[in-house]
Amino acid sequence: MRTGKKTKVKEGMVEHLTVGNHIANFLIHACLIMVAVVSLLPMWHVLMSSFSDGFSLLSFKGVAVLPVGKPTLEGYRLIFRDSSLWIGYGNTIFYVIGTISLGFVLNVLGGYALSQDTKGRGLMYAFLFITMLFSGGVIPTYMVMNSLGLVGNRFVIILLGATQTFYLVFAAKSFSAVPVSTVEAARIDGAGHIRVMFQIVLPQARGMFFITVLNTFVASWNGWYEASVYMASDKTKWPIQLFINEMTNANVNFLETATPNYSRYLIQFAVIVVATLPIMLAMPFFQDKIEAGQLQGGVKG
Amino acid sequence: MAKSSAAMPVNPHDKNRVTWKKDWARNKTVYFVFIPVAIYIIITHYLPMFGVVMAFQNFSLAKGVFGSRFVGFDNFVELFTGDAFLNAFKNTAIMSAFTLVIGFLPGIVYALMLSEVRNKKFKRTVQMISYLPNFVAPVVVTNLVKLFLGNDGPLTALLTTLGLPQQNWLANADPPVFWLIHTFMGIWQSLGFGSIMLMSAIAGINGDLMEAAAIDGATCMQRIMKITIPCIAPILGMSFVLNVAVSFRTIGGNVLLLYMPQTYSVADCLYTYTHRMAFGSAPDMGLSAASNLFQSVLGTVLLIGGNILAGKINSDARLF
């Protein structure tokens, strides 16, 4: 009934559209299409460059709308030959899986403890909120990791990326949303806290939890800073992002030389595509989750 | 108000009535469950807080925190009497201001335009595409910027046809160039993603208002100016105030990947200065820690101030 009324009004609005409204509508659509094009174009350029002929690409100045020169898979063939890139991918996958796993455990435990009605809940929250206000910073953190003997250890990346205060509070929020009666019923039936946590509360809050996992995944897949600080000299532990950074920085100087090696130029595009495309292709499926996560987080980040 | 709460029946599970002993007996497991999290937070957050003593030491890595000599405020004096730190401070403030002032409007305009679109499929597609830059790794984004604004880059070519000299724009140390690059890069990264909050605020505006205005013959522009903007103004004000604080803390991550020695005079900011003093070629850990502490205290002050201000604008808008 109500929806019927609404469409009627909307139809009425369409009938009364003036010429000015049509022009405004057209301009709005044109602007939005432009936003979409600008958002995609740089990555499209990379994608097309990666299929290009390396030699023609070097002398090409402009945005590659289509592969430059004869389309090839040469760039991707070069990746297969470069063992350091495989090391990078391996490390990134290791860091991502480790970070998500540790983060998941911590978020479930912390979120559950914070969502329960205990006398110490306020204290636990205060314990977390203090860290939001005061942070030691990069150097003191480095010193702590140094004295724990973790500098140069792969675990440090997992440790620093696993979770944040914000994720813990978010987990607690999503656990609190589970009806108390469900939890109490399970408790009366004799389920322990651990059992309630994993078998009752977590399945009901999994939608919200997935958002945290998604955020952790993106952050650790794209992360580079921790690795550049904690394992600067040990390339065998670098994630792929650091290899990309090194390669592209080297290429900047490299292209100024008289006879640049085009294959090194070409491979950088292929590497970026392999490191970025999975996320780009996966994200559209999670549009609602992304939006929900951002709304929960408010202005954060 | 006070009357109604006094009249409420006493809840036997009222937290204040349960003694700590009883609470412990009942919720032991809950506290045990929290222990791993507490250990994690202590290692990653609380222990580093004690690192602030480094700011007051002539710190050397070999001697450690306990072996290094205390020098009082010498590090801070050195910071504020030298040029590099003050330059970094100035650039941080300028880049924050650029990001806030130039970066704020496009987000609003984008959200308003999007909210006028009736075709749902078109709207969702544009939204999704505009989120994507946010998921491109910083390393890749900065590489794209270098590529597009390099000597032979497509954007440089565009600027050249507009009459500007051909050059590697990232090596240009003339004042507004680097700041603008940094700002527009930020806009590209976060335009769509940053609009999510605004879009939901606009969607939450009472539809009856819009209908009534449309029936009364209000034009599209009138509806935006008289209904939409006043309705989302509190959220705009709040996110602006809080962004001041947040941007002061976070500005520099992209700069670290983007700047080079030629552009230190305009690009160096507190984040990069702190980083370079700690891990650069001529490290001075004590100085770096002092700079870090200054940045951290300033960030906290701005955050608390911003939060109070946001609460004044809209009491639901507070971050904590």
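Each value, and the rule that gives it
Every chain begins its residue count from 1, and numbering advances along the sequence as written. To label them, take the chains in the order written and letter them from A, then take the ligands in the order written and number them from 1. Where local features are concerned, this predicted model is filtered to residues with pLDDT of at least 70; where side-chain atom pairs are given and counted, the filter is 80 or more; whole-chain, interface and lining totals use all residues. Side-chain numbers come from the whole structure's heavy atoms, not from hydrogens or water. What counts as a helix is a DSSP run of H or I of at least four residues, what counts as a strand is a run of E of at least two, and both are numbered from the N terminus. Burial classification: accessible surface area is computed with a 1.4 Å probe over protein chains only, and a residue below 20% of its type maximum counts as buried, one above 50% as exposed, and the rest as partly exposed. Throughout, a residue-residue contact means that at least one pair of heavy atoms, one from each residue, lies within 4.5 Å. Computed with the Shrake-Rupley method and a 1.4 Å probe, the accessible areas treat only the protein chains shown as cover for residues. Here the buried area means the combined drop in accessible surface, using a 1.4 Å probe, for two parts upon being joined, counting both sides. Whenever Lys or Arg places a side-chain nitrogen within 4 Å of a carboxyl oxygen from Asp or Glu, that contact is recorded as a salt bridge. Any pair of N or O atoms that falls within 3.5 Å is considered a polar contact. Within protein, one atom must be able to donate a hydrogen and the other to accept it, and sequence-neighbouring residues count only if both atoms are side-chain atoms. To estimate how far a helix should reach, multiply one less than its number of residues by 1.5 Å. Residue-level confidence of the predictor is summarised by pLDDT, bounded by 0 at the bottom and 100 at the top. As used here, the term nonpolar core means buried Ala, Val, Leu, Ile, Met, Phe, Trp, Tyr and Cys residues forming a set that is joined through side-chain atoms within 4.5 Å. In this entry, domain limits derive from an automatic or database-based domain assignment. All residues other than Ala, Val, Leu, Ile, Met, Phe, Trp, Tyr, Cys, Pro, Asp, Glu, Lys and Arg, Gly among them, are scored as polar; the first ten of these are nonpolar and the last four charged. Ring geometry is summarised as follows: Phe, Tyr and Trp rings, the Trp one being its six-membered ring, pair when their centres sit within 6.5 Å, and such pairs are stacked at plane angles under 30 degrees, edge-to-face over 60 and tilted between the two. The axes are straight lines fitted to the C-alpha atoms, using for helices just the contacting stretch, and the angles between their N-to-C directions are given from 0 to 180°. The labels follow the angle: roughly parallel below 35 degrees, roughly antiparallel above 145, roughly perpendicular from 65 to 115, and oblique for the rest. A residue counts toward a patch only above 30% relative accessible area and without a salt bridge, and it is joined to like-charged neighbours within 9 Å or, for Val, Leu, Ile, Met, Phe, Trp and Tyr, to nonpolar neighbours within 5 Å.

Caption draft 1: Just the overall build of chain A, in detail. When helices and strands are tallied, chain A shows 16 helices and zero strands. Residues counted as buried form 46% of the 301 residues belonging to chain A. Here the contacts in chain A between residues at least 6 apart in sequence split such that 70% fall between residues at least 24 apart. About 14800 Å² of surface is accessible on chain A, with carbon and sulfur atoms providing 67% of the total.

Caption draft 2: A look at the interface of chain A and chain B. Every contact between the two is made by 91 residues of chain A and, on the other side, 89 residues of chain B. With both sides pooled, the region where chain A packs onto chain B buries about 8400 Å², and carbon together with sulfur makes up 76% of that total. Between Asp288(A) and Arg124(B) there is a salt bridge, and its shortest N-O distance comes to 2.8 Å. Where chain A meets chain B, there are 13 residue pairs in polar contact (both at pLDDT 80 or more). Of all the elements, helix 2 (residues 19–50) of chain A adds the most residues to the side of chain A that touches chain B, at 14 residues.

Caption draft 3: Molecular detail of helix 7 (residues 138–149) of chain B. All names here are of chain B. For helix 7, with 12 residues, the first-to-last C-alpha span of 16 Å sits near the 16 Å given by 1.5 Å per residue. Most of helix 7 sits out of view: 11 of its 12 residues are buried. Buried residues of helix 7: Val139, Val140, Val141, Thr142, Asn143, Leu144, Val145, Lys146, Leu147, Phe148 and Leu149, and no others.

Caption draft 4: Quick peek at the pattern of salt bridges. Per the stated rule, a full pass over the model turns up five salt bridges over all chains. Among the salt bridges present, the one from Arg276(B) reaches Asp268(B), with a minimum N-O distance of 2.9 Å. Judged on exposure class, the residue Arg276(B) and its partner Asp268(B) are both buried. Through salt bridges with shared partners, a single network forms among Asp288(A), Glu291(A) and Arg124(B).

Caption draft 5: Geometry of the confidence of the model for chain A. Residue and element names in this part refer to chain A. Mean pLDDT over chain A works out to 81, with 89% of the residues at or above the 70 mark. Across chain A, the element-wise mean pLDDT spans from 44 in helix 1 (residues 2–15) up to 91 in helix 8 (residues 155–161). Low pLDDT, under 50, characterises residues 1–15; the stretch is placed with four contacts to residues that sit more than four places away or in other chains.

Caption draft 6: Representation of the nonpolar core. Residues Val271(A), Met283(A), Ile290(A), Phe135(B) and Phe178(B) are the most contacted members of the largest nonpolar core, which totals 137 residues. Of the residues forming this core, the biggest block, 11 residues, is contributed by helix 15 (residues 262–282) of chain A. Structurally, this core is a two-domain feature, drawing no fewer than three residues from each of domain 1 (11–70) and domain 2 (76–317) of chain B. Look past the residues within four positions of Ile290(A) in its chain and what remains in contact with it is Leu214(A), Met283(A), Met128(B), Tyr131(B), Phe135(B), Phe193(B) and Ile196(B). With 25 residues, the next largest nonpolar core counts Leu32(A), Phe122(B), Leu198(B) and Ala213(B) among its residues.

Caption draft 7: Seen up close, the domain arrangement of chain B. Residues and elements named next belong to chain B. Its domain assignment divides chain B into domain 1 (11–70) and domain 2 (76–317). Domain 1 puts seven residues into the contact, and the matching count from domain 2 is six residues. Here domain 1 and domain 2 share an interface that buries about 530 Å² over both sides, 81% of which is from carbon and sulfur atoms. On the domain 1 side of the interface with domain 2, the three residues burying the most area are Met54, Ala55 and Phe59, jointly 61% of the side's total. Inspection of the region where domain 1 meets domain 2 yields zero salt bridges. Counting across the interface, domain 1 meets domain 2 through zero residue pairs in polar contact (both at pLDDT 80 or more). Taken together, the residues of the side of domain 1 that touches domain 2 break down into six nonpolar, one polar and no charged.

Caption draft 8: Fine view of the packing of aromatic side chains. Residues and elements named next belong to chain B. Per the stated rule, a full pass over the model turns up 31 aromatic pairs over all chains. On the numbers, 5.4 Å between centres and 75° between planes, the contact of Phe80 with Phe294 is edge-to-face. Residue Phe80 is located in helix 4 (residues 74–81), and its partner Phe294 is located in helix 15 (residues 285–313); the two are separated by 214 residues in the primary sequence. On the basis of relative accessible area, Phe80 is assigned to the partly exposed category, the value being 37%. By relative accessible area, Phe294 is classed as buried at 19%. Judged by centre distance (5.7 Å) and plane angle (80°), the rings of Phe135 and Phe193 are edge-to-face. One end of the pair, Phe135, is in helix 6 (residues 120–135); the other, Phe193, is in helix 9 (residues 175–203), and 58 residues separate them in sequence. This pair shows no difference in class: Phe135 is buried, exactly as Phe193 is.

Caption draft 9: Broad picture of the packing of helix 6 (residues 121–133) of chain A against helix 2 (residues 20–50) of chain B. The contact between helix 6 of chain A and helix 2 of chain B brings their axes to 9 Å, and the two run at 10°. Our classification of the angle between helix 6 of chain A and helix 2 of chain B gives roughly parallel. Residues Leu123(A), Met124(A), Ala126(A), Phe127(A), Leu128(A), Ile130(A) and Thr131(A) of helix 6 of chain A pack against Trp20(B), Tyr31(B), Phe34(B), Ala38(B), Ile41(B), Ile42(B), His45(B), Tyr46(B) and Met49(B) of helix 2 of chain B. Among the residues forming the contact of helix 6 of chain A with helix 2 of chain B, the class breakdown is 14 nonpolar, two polar and no charged.

Caption draft 10: Quick look at a nonpolar patch on the surface. Residues and elements named next belong to chain A. On the surface, a cluster of nonpolar side chains totalling about 550 Å² of accessible area is made up of Ile33, Val37, Leu41, Trp44, Val65 and Leu66. By the secondary structure assignment, Leu41 is in helix 2. Residue Leu41 is classed as partly exposed on the basis of its relative accessible area, which comes to 31%.

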